[in-house]
Structure formats: structure tokens, C-alpha cells
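Observations on the three-dimensional arrangement
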Amino acid sequence: MSQAADPTDRPASNQVPENAADKSVARGLGKTGMNVDVQQYMNMNHFEQLMVLFQEHEDETGEGGFDIDKFREVFGIVVGGNLTHDQMTMLFMKIDANSDGSVDWDEFSTYMMGRAKENSEAQSIFDERVRKLFNSPHKDIIRYIDYIAKERKYITVSREGTVCYWSSTLKLQRIIAAKDFNRHAWVADAVYLAEHNRLITVTDDRHFCVHDIASVKPRLVVTLGQLEHNPLCIAYGGHLDEDRDLILFGDEGGYVNVLNITRKFLTDNEAHEELSPLKLSKKDSLKKHNATFLRRKVHNDWVTRVHYYPEINAFISCAPESIRSLVIGDIERKSFRSVNVPKGIKCFEFCRRPSFLVTGGRDKIIRLWNPYVLSKPAGTLHGHTAAIANICVNHEEGHIISLSEDRVIKIWSARSLNCMQTLAEKIPQKPDDLISAIFFDQWNGQLVMGSEKLQSWPLYKTHRAAVSRSHDAGVVAAMFNENFHQVVSGAQDGTICIWDIATGERAFSYHNAHGKLEITAMCFDRSGRRLVTGSRDGVIKMWNFNNGQILRRMNKDNALEVTDVLYVEMGANRFIVGVGWDRKVTIFLDDPGHFEARPVRIMHGGGAGTHRGHQDDISSVAFAPPSVLATASVDGIIVIWSLESGYMKLTLSEPFLDLRSKEEKSIEKIVFMPSLDRRSKKVPVLVSVHADGCLRAWDAGEGGMVFEMNCQASEDEGLTVMSISSDGGLIILGGSKGHVRVLDVNPAALAARPPGGGGNGDPFCVQKTIWRAHMQSISSVNYANVHNIILTCSKDCTIRVWTLSGTHIGIFGQDTPWILGDASTYRPHPEDVQQAARMEAEYMRMIVRHQEGLKKNVIESWRGLRGAGAVSAVLGDDDPPRQVTDPKEGDSPTEDRSSASSTPDNQQIFEPGERAESQPLESGGKARGGTAMADIKRMRVRAIRMQALTKWFDVYERRKCAADWTVTPDLTGGGSQTKAHHFALRPPTKPHPPRPRLNVSSSAVYHMLAYYPLAQIEVPSMLGGKRRGAGDKAGVDVAVGGKTGGLPSLRKERGIPQVAGKQNAIKLAD
């Protein structure tokens, strides 16, 4: 590529104003149809014309190129009306990556060759592990395979005349036997006319037959018999005009037969009337029989393949002869061109991107021809060890698929002319068991082959579609380019992909951008035409990302990782700023005249104290005009620099930074808010996201934090990335656990703040919506202002697209494209996110069931204590039942005088069902055996009281023994009743000897305390320091599980405090 001069030295008339051109194109093109591959409209003849025009435009020194107006004029002449005015402007912008306002032949040819590089040559095209074999009802070899797109069915025709319909997954649906047509001849070839629902066959008894196979009872519509030679191949040529269609077939006499038919020929003819070539050769045959017939002698041997291509307005036929092996002819004129190949040509196919005619024959060589230049092949492909039997093309990817007679399939790149994959049978086959038909299905992305059975090889990317990955490695960044309406993404394996944002399809990609090292940072230049990438070895590269051409290489003075890159324009100067593990700010000059670049300035803050630079790795960099540069490091420090002088201006840090752990200190991303008033000289607000989950805003001019907001969506989730809309109205955040937050911003709130950041005015930003986009940490988030959509990417190898409300649009690289604005084409939430939501919901249901089960066990364990024996077992012999009045009449049940002075209200302890159940017994006065209802109530109260207190004291003992547990304020101060966590974890200060503990689940303790607060339960007499009878011990045992010895006795020696007089000192929140 020729090196262009500095754009500032060129005349103004030759320059294209970057913003003006870019914005006009963006407005003119809208949201779709921007990125058209020009190669699909060009062939070798076009390249030759362009090369001549470029050379004629050069001056004596070899300099010169087309400006944007001349470029559009020349392309309009050469390519014709295939490209619109705006599409040619977009093409000019892609080629003119250095923004010098002109395009010469070197730049154009380099761009086109770069676009012609195969995107996935290092990958397998077909997945060999998913090869499938299907049994079929065919009794002979299959001659014809096709896919009916509108019906989503395959159709196969075998030599004995059997026709089969198959589903898109190759499940047999219908069989039409040959006897249904009352014919017993072998089928040489067939073609299905989907528009007319007709099947046309040519047979070895010299007949041309049209069948109606779509009806319930198949029938023979029309036959053309008494042909002079046996037909061998047939092709449908499409529409000549609104009323006429074209059908061609070749025969063993070397003739190409052309049948010009109307629609009535396929519907109005009677099957019993057999037409002949003689009848159809007459002048009035089109009017009388709805068809005309003519034939051309073009070969001296059998015609093995014939086809009509409207792209070149000609038919092509081939024969296994050395003279006139392939013929390109005009139907209306007798002139034709031919190709001579040793041993002849047996098969051919036309490749549209790039434009080549591909041939194969007995000499085992695949040749690529320019249809306009047949003097010699444009390329040859060697590798087969047997004669080439068939060829088909994957037009979308530019892949040539060839089949040889030894059942070996090879996939070639039509662009790089390399073999990309070889498929061979692993199980030996019979020598006569040949693959007789081959078909590449571009709709379902698989290769279908037929002998007597069917087999399929799915495309590797189609097989991966269920996974829906955008890259094969973790995605580093995905950025929206407003000029080209494309998304550029980079992965850890060094792959850079360009995606069409309107559909989600991949437009282009190139690999190994930094060799075997991963990409660590990416950004665009100001014009959006070049991509800057940084790598782990400290190398920074600049690319024309539209064709993968490297424009510049920038080397730091060390080999430490680059964590962030930024393109900066300061006046007339343009710089690339890189930061990373070297704790320095490295600045390169954007000089188009030099490929290799060294730093022009390195800023590291060599002072002391507050003027000392970063002492840890720099994680992010931001710039605000005219010359303010901000850098942030993983130790929580933000440094404000003057890019003009290179000196530090101030450092920023949050007030409680020293109290945070090392992991919480890290600043992940900083961005300056867009300035509302461009005339203002005040430094814009700097926004930062931190690993502790907080978003903070800073006054980068005066210094100090002016706003702080905790944005954690879940516990221990930090913020990792941030994006701000161009008008500053939205902030989009990404977290370490995959959550995305959208914040509404009120910039005026900070402008109206009093000095020092105080006051209770409106908040700087408020959360608008939040959702989970990934299961892993989000590595990049980007807002596409033009489309109002959000791009997120992660280490899960996907780039996902969302609306502002959190609706999932799709994943780049998925099997079916989307249409922006059409919600019916949007995908549901990704499966991994849905699975996580289902698991979380199931976990919450399990917790609720567990809590309800604990409550049920405590209550139902005492519902059977209505007999005297059970009561005596609980109360003991020294505690006889007492007769008491109903509590509803105002009297209280008599309690033991050794216990606390008051008894809790039963209605605060029992559930409504319990109270309803006990009322009939209360009205009777006594339970069975003469036991008073009050005694049963008292036993229940005591049992529940003992259950709660026993578990509480065990937790109290754990807290007292372990230094890593502390009482939180809501526990000791009677805090909020809705908090569920009663303890906070802190690092242990000193070791403590182990002590015996009860094996009680903490969830059970929390449950009991939630339903029976300690402050509302009277301490029983056995814990009050007085008598301890056998009945009390039995009561404790029954309360726990109905067994004796269930819990050890509570003794003062265990260190349990006397809490009867300390009920106000220890409180537990619900």
C-alpha cells in the first residue's frame, strides 16, 4: 500500500470532511442496506477496467487517486446501477481508512484482496462427527436431489423413477412409485419447478416428461417423445419474460436442446397427446402447443451437464472431450466460446462470490475460469486422486465442494484457492457403490448426498447454532460504529469480527491480529474508519477493520500488557494513548507516514507525595477537551493530567479507600460526561465504576467526589464496565455477575450543587431498569444511539443485543437473523440466563418449604398432648394440673411462682388454626382425664418457649466462643423487623479453644426466632436457677422431639447467662 502524505498538507479540495461525509451517509442510508459486499457485483473484467482507469488518473510521479466524487463517477460507469450513491460513498470511506480524502489503486486492490481472505480457513466447514445416514425406499441410485424452500421439503428422484418427499430433517414423508406414471424407463436426470409444482424428467427411452406430483393422485401432464438421441441432463433456465420459461437438456449426440414454453404447456396439455420435436419446431408451435423447440450442435461427445445463467445471459455445457470441453453460448445467436481441457470436463458450477466458473473432469484437477477470459484458467486446485464426479458451491461463504469417484469430498476456498477440509468414508464401501448425487442446502446449511441411501453432513457453524456463540473464545469488547452501522468485536484468541447490526450476521472476520497473543483493549479513531487494538505483549496496532489490513504498529518501551487504549485529538494533533501494567501513560503520534511508531511522550508522575503517579496497574483512561487526561488504577486512585504539559494536576480517591480490601479498591472504568455547553471551559464530570459495586462522580477540575451510588444487584457483585450515551442522558453499567443496569442521568443536579458537594437536591442519576444479561462477568457494554439498543459481551463467547427495557433481541452469530424494530424476530432470553432464573426460583421455593416444614413440626408435635398421661409426663408429679378460668374472661392461668412474673399471650404464639382448634376444649372446661385446658396451654407455651430458648442459647454460645461473629446493631438495638441476617462476619482476631456445641441448624434457629421473639417469651423456672424436677426435664425432651435425652441439660457450668433480668438487654428482630 502506498503511504499517503499527512492530510493536513493536502489541498482542501481533495479532502473529505470526516464528520460531514460520515453523517450524511448515516442519514442517507438509514438503518439497513448500508454494508454491501461489492465483490458480488464485480468480476475480473471489472477489475481490469478499474485498474486502467486508476493508472490513467495517475500523474508522472505515480501519485494521485480518486477523490470521493471521481470515485463515485468511475464506479457508476464500471459497476453500473448495482450500487447506490450512498453505498459507493460508504465503500470509499472503508477503503480510505487513513482519511486522506483519496483512494489510489494500491489502496483499492489491497482492500479487495483483504476482503477476499477466507474468514474461517483454519476451521472445519462440515462437522464430521454429526454425519447422518438415512435409509430410503429407492431401489436404484438417486439421480436428483433438491430442496423446496416454500414447502421446507427435500425431493429425491432415483433412476428407477421413484420420487420421495423428505422433511427438512430428512424424515421420509411421501413415496411416489414409478408405476403411478405408467412408465418403466430409467430416469437419466430430473428437475423440479417449484413455481409450477411440476417435476420434469428425461429418460433413456428418449422421452421428456412433465409430471404433476403435488396432487393427491400423481399424473403425467405432457410428454415429448421421438427424440433423436437419449437425453442425459436437464436444467431449468428460469423466466425469459413474464410469459415464457426456458428449459434446456443435453443428449448423447452432443446437442443442447432448448425448450421455450409458456405456463399453459405445464397445465393445459393432455397426457395422451405425445408431442414431438418436429411439431414444436414449426413456427406456430408456440401458439398451438404453447412451446417451441430448437437444438444446437455444440459438442462431439456426450453432453454431461448443461445450465443457463442469467448473470452472463448464456448457457454453459460440458463434455468429456479434449476439444470444446466446455462451451459458453448464446441461445439467440449461433456464436459461442469454448475451453479445451485434456480428458474433457465432466461437471461444472458457477461461483458468484468471487465470480468464477469452476470445472472438474477426469484429469483430477479443478479449474477456475473467468467467464469473460477463457484463454487460460484463473486458478487450479490439486488434491483429488480420482476423477471429479460432481461439483457444488456454497455461494454465501465462497466455498467449492467437489466429489471424486472414490467418494472423497473436498471443500475449497474460492478466494484463497486452498483446501479447507477433506471428508472421506471411514468404512470401506463396495467399488460400485458410488455417490450418484450431491446437493448443498444453503437454507439448512448441510451437504446432502445420495447413492441408494441419503446421508448428510451439517455445516459446523450450523451445528454450533444451538450454542449460539459469537466467538470461539471470550469476547474482550464489542463496539458499535455509527458511520458504517456495524459492530466490531475482538476475542481473546485474536479474532476480530465485523457484524451487521441490522441482522446480526457476520460480515467479515480475520484472525491472529496479534499472533498467538490475546487482544486486551480496543477503540476506534475519531472518524470511525480505523480500529486500534492492544495486546498482552504491549504492542498496539491500527487496522482498517473492513478488510483486516494493518496500517500501523506502535511499540512501547516494555512488553507489559496494555489494558486500555484511547484515540485523542488535541487541536491539530492526533494521538493514541495506551495504559497498562507498566503504570505509565504512553502516547504515540498518529503519523500516516510511518508504519512503525515509538512513543513521543511517557507520563508516569515521577514526583513525591500527592504529585506521585500511579503505584499500581492502570486500568482505564479518559479524555476531555481541550487537554485533560484522566487515568484510574486498581488501587482506587484517579490521576488528572494535563496532556499538553505532561504534568499531573491532582489525584482523586474516595474518603474510605484505606478501609476497603484490595479487591474492592479497583476502579474498572472511567468516562467523562459529555459537555452540555461546548463553550464552557469547565472540566466535565468524571464518572467511575468500582469493584465494590459503586458508581461515583468526580469534579475533575476542583477535585473531590460529588456523587456516590451503590449499584449492586446482588451480594458481592462489582461493576466492571460502563457506557454513556452521546447526549449524556443514560449510563449503562455491567457487573461481575452479568447484570446490566440502565441509569437515567440528571446532569443539572451536579451543576446546581453547592460548594463541597453537600445539599439534598435531586440525585445525579437514578436506576431505570436492571436485568441479567450473562452468567459470567460482562467484559464490555456499548450503547448504539442510532438504534437505541445495548450491546453486551462476556467471557461466555457471546455478544448479546438488548433494548433499553431489557428485551432480548438476539446473539450475534445465531442461526436466524433478526430485524430491528420487528419484535416478532427477537429471541427469548438466553437459555443460560433462563436456567439460572429457574434454579434461583426453585431454591427460593425450597427455602419456603423448609421454613413452613419447621413451623409445622413445632406445632403438630403438641397437638396430641390432650391426654392426662401426656400432661403428667410433661408436668411431672410435683406439678399437678390446676383448674383455671378461661383467659377470655380476664383471669390469667396460675403459674409457678419461681418463674417470671408474666406469661405471654397465647394468641401471639399460636396460629389462628391452633386457637380455633382449642376453643371446643376450652368450652368443655376440661380435656380427657380431667385435665384443665389451661394446663395444656401452659405446657405448649413452655415447650415452645424451651425450644426457642434452647436453640437461641446455642447460637449465643457460638457467638460468644467464636471471634469471627459479632452482634449487628439490628440485633442489640431492636432494629428493622424485616432484616433476615442477624450476624456479620469479620476476620478472626485471635484463636479460641474449641468448645462443645449443639448440632442445631442455623436455619432452624432463625426460623424459631422469627416466629417466637425472645423478648416476648418468659424464661422458664428451670433456667431461673431454682428447682429442676423430673417433669421439667421430661418437658424439655418432649418439646424437642418426643424422646428423652434429646437435648443435654442446661447448666450454669456451660456459661449460659441468667437472662431473666436481662430481657431488655438482648432483643431479636423478627
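Note that this is a predicted model, so its numbers are computed, not measured.

Now for the overall build of the protein chain. Looking only at helices and strands, the protein chain features 17 helices and 60 strands. Buried positions account for 53% of the 1070 residues belonging to the protein chain. Taking the intrachain contacts of the protein chain between residues at least 6 apart in sequence as the baseline, contacts between residues at least 24 apart amount to 54%. Accessible surface, the protein chain as shown: approximately 49,100 Å² in total, 50% of it carbon and sulfur.

According to the stated counting rule, one finds 30 salt bridges in the structure shown. It is possible to trace a salt-bridge network through shared partners that takes in E654, R660, D692, R696 and E708.

Taken together, the five strands give an open sheet; going across it, the order is β6-β7-β8-β9-β13, and neighbouring strands pair in mixed fashion. Here the strands that pair on one side only, and so sit at the sheet edges, are β6 (187-193) and β13 (274-275). Where strand β7 (residues 198-203) meets strand β8 (residues 207-212), five bridges bridge the pair, whose relative direction is antiparallel. In the strand pairing of β8, T203 is matched with H207.

Between helix α3 (residues 68-78) and helix α4 (residues 85-95), the shortest axis-to-axis distance is 10 Å and the interhelical angle comes to 120 degrees. Between α3 and α4, the crossing angle belongs to the class labelled oblique. Every pair of crossing elements has a handedness; the one defined by α3 and α4 is right-handed. Along its contact with α3, which presents I68, F71, R72, F75 and G76, the element α4 presents H85, M88, T89, L91, F92 and I95.

Below, the discussion takes up the pairing of strand β11 (residues 244-251). In terms of burial, β11 is largely enclosed, as seven of its eight residues are buried. Pairing between strand β10 (residues 231-239) and β11: seven bridges, direction antiparallel. By the bridge assignment for β11, Y236 is matched with I247. Hairpin connection from β10 to β11: four residues lie between these consecutive antiparallel strands. The antiparallel hairpin formed by β11 and strand β12 (residues 255-262) contains three residues in its connecting segment, where G254 sits at a positive phi of about 85 degrees.

This paragraph deals with the side chain of N257. Tracing the backbone shows N257 in strand β12. Engagement of the side chain of N257 in a polar contact is seen with the side chain of D251, the distance being 3.1 Å. Setting aside residues no more than four positions away along its own chain, N257 makes contact with I247, L248, F249, G250, D251, F293, L294 and R295.

Now for the confidence of the model for the protein chain. Mean pLDDT over the protein chain: 75, with 69% of residues reaching 70 or higher. A low-confidence stretch, residues 1-33 stays under pLDDT 50, and its non-local contacts, those more than four residues away or across chains, total 60 contacts. Within the model, the stretch residues 117-124 combines pLDDT values under 50 with 25 contacts to residues more than four positions away or in other chains.

Attention shifts here to the sheet that holds strand β17 (residues 326-329). The strand order across the open sheet built from four strands is β15-β16-β17-β18, with neighbouring strands paired in antiparallel fashion. The strands lining the two open edges of the sheet, one partner per strand, are β15 (305-309) and β18 (336-339). On average, each strand axis in the sheet is inclined to that of its neighbour by 15 degrees, with strand direction left out of account.

Ranked by internal contacts, the top residues of the largest apolar core, which has 35 residues, are I155, F208, I213, L259 and F265. No other element matches the six residues that β6 contributes to this core. Residues within four places of L259 in sequence aside, it is in contact with F208, L224, D245, L246, I247, F265, L280, A291, T292 and F293. Judged by nonpolar contacts, the second largest core, of 20 residues, contains L695, I724, I731 and C765.

Residue P626 is reached from P625 by a cis peptide bond, and omega for that bond is 5 degrees. Look at N197: it is not a glycine, yet its phi comes out positive at around 55 degrees. Mapped onto the fold, N197 is located in the loop between β6 and β7. Even without being glycine, Q226 reaches a positive phi, approximately 60 degrees. Here Q226 lies in the loop between β9 (219-224) and β10. Residue Q226 is classed as exposed on the basis of its relative accessible area of 63%.

Another aspect to go through is the environment of K556. Mapped onto the fold, K556 is located in the loop between β37 (549-555) and β38 (562-570). Of note is the side chain of K556, whose polar atom sits 3.2 Å from the side chain of D582.

With five of its five residues buried, strand β35 (residues 531-535) lies for the most part within the structure. Burial along β35 is two-sided: the face carrying L531, T533 and S535 and the face carrying V532 and G534 are both buried. Note that strand β34 (residues 519-524) and β35 share five bridges and pair antiparallel. The partner of I519 across the bridge, within β35, is S535.

Applying the stated criterion across every chain yields a total of 13 aromatic pairs. Site record: aromatic cluster; members linked through ring pairs are Y147, Y154 and W443. Over the aromatic face of W186 sits the side chain of R159, whose NZ or CZ is 4.1 Å from the ring centroid.

Turning to a nonpolar patch on the surface, a few remarks are in order. A cluster of nonpolar residues, Y843, M844 and M846, forms a patch on the protein surface that exposes about 320 Å² of accessible area. Within the fold, M846 resides in helix α11 (residues 831-860). By relative accessible area, M846 is classed as partly exposed at 42%.

Reading the values: the criteria
- One numbering rule holds for all chains: residues counted from 1, following each sequence as written.
- In keeping with the model being predicted, local features are shown solely for residues with a pLDDT of at least 70 and side-chain atom pairs are shown and tallied solely at 80 or more, while totals for entire chains, interfaces and linings include all residues.
- In computing side-chain values, all of the structure's heavy atoms are included and hydrogens and water are not.
- A helix here means a DSSP run of H or I that spans at least four residues, while a strand means a run of E at least two residues long, and both kinds are numbered starting from the N terminus.
- When a residue's accessible area, from a 1.4 Å probe over protein chains only, is under 20% of the maximum for its type it is buried; when over 50% it is exposed; and in between it is partly exposed.
- Here, residues are in contact when the closest pair of their heavy atoms is within 4.5 Å.
- A 1.4 Å probe and the Shrake-Rupley method give the accessible areas. Residues count as covered only by the protein chains that appear here.
- Salt bridge criterion: a side-chain nitrogen from Lys or Arg within 4 Å of a carboxyl oxygen from Asp or Glu.
- One requirement defines pairing of two strands: DSSP has to find at least two bridges between them.
- Interaxial angles span 0 to 180 degrees and are taken between N-to-C directions of axes, which are lines fitted to C-alpha atoms, for helices over the stretch in contact.
- The labels follow the angle: roughly parallel below 35 degrees, roughly antiparallel above 145, roughly perpendicular from 65 to 115, and oblique for the rest.
- Crossings are classed by handedness, with left-handed meaning an anticlockwise turn of the near helix from the far one by less than a right angle and right-handed meaning a clockwise turn.
- Two N or O atoms form a polar contact when they lie within 3.5 Å of each other; inside protein one atom must be a possible hydrogen donor and the other a possible acceptor, and for residues adjacent in sequence the pair counts only when both atoms belong to side chains.
- The predictor attaches a confidence to each residue, and that confidence, scored 0 to 100, is pLDDT.
- As used here, the term nonpolar core means buried Ala, Val, Leu, Ile, Met, Phe, Trp, Tyr and Cys residues forming a set that is joined through side-chain atoms within 4.5 Å.
- Pairing of aromatic side chains requires ring centres within 6.5 Å, counting the rings of Phe and Tyr and the six-membered ring of Trp. Pairs whose planes differ by under 30 degrees are stacked, by over 60 edge-to-face, and all others tilted.
- A positively charged side chain is recorded as over a ring if its NZ (Lys) or CZ (Arg) lies within 6 Å of the ring centre. The angle to the ring normal must also be within 35 degrees.
- Only residues whose relative accessible area exceeds 30% and that form no salt bridge enter a patch; like-charged residues are grouped when within 9 Å of one another, and nonpolar side chains (Val, Leu, Ile, Met, Phe, Trp, Tyr) when within 5 Å.

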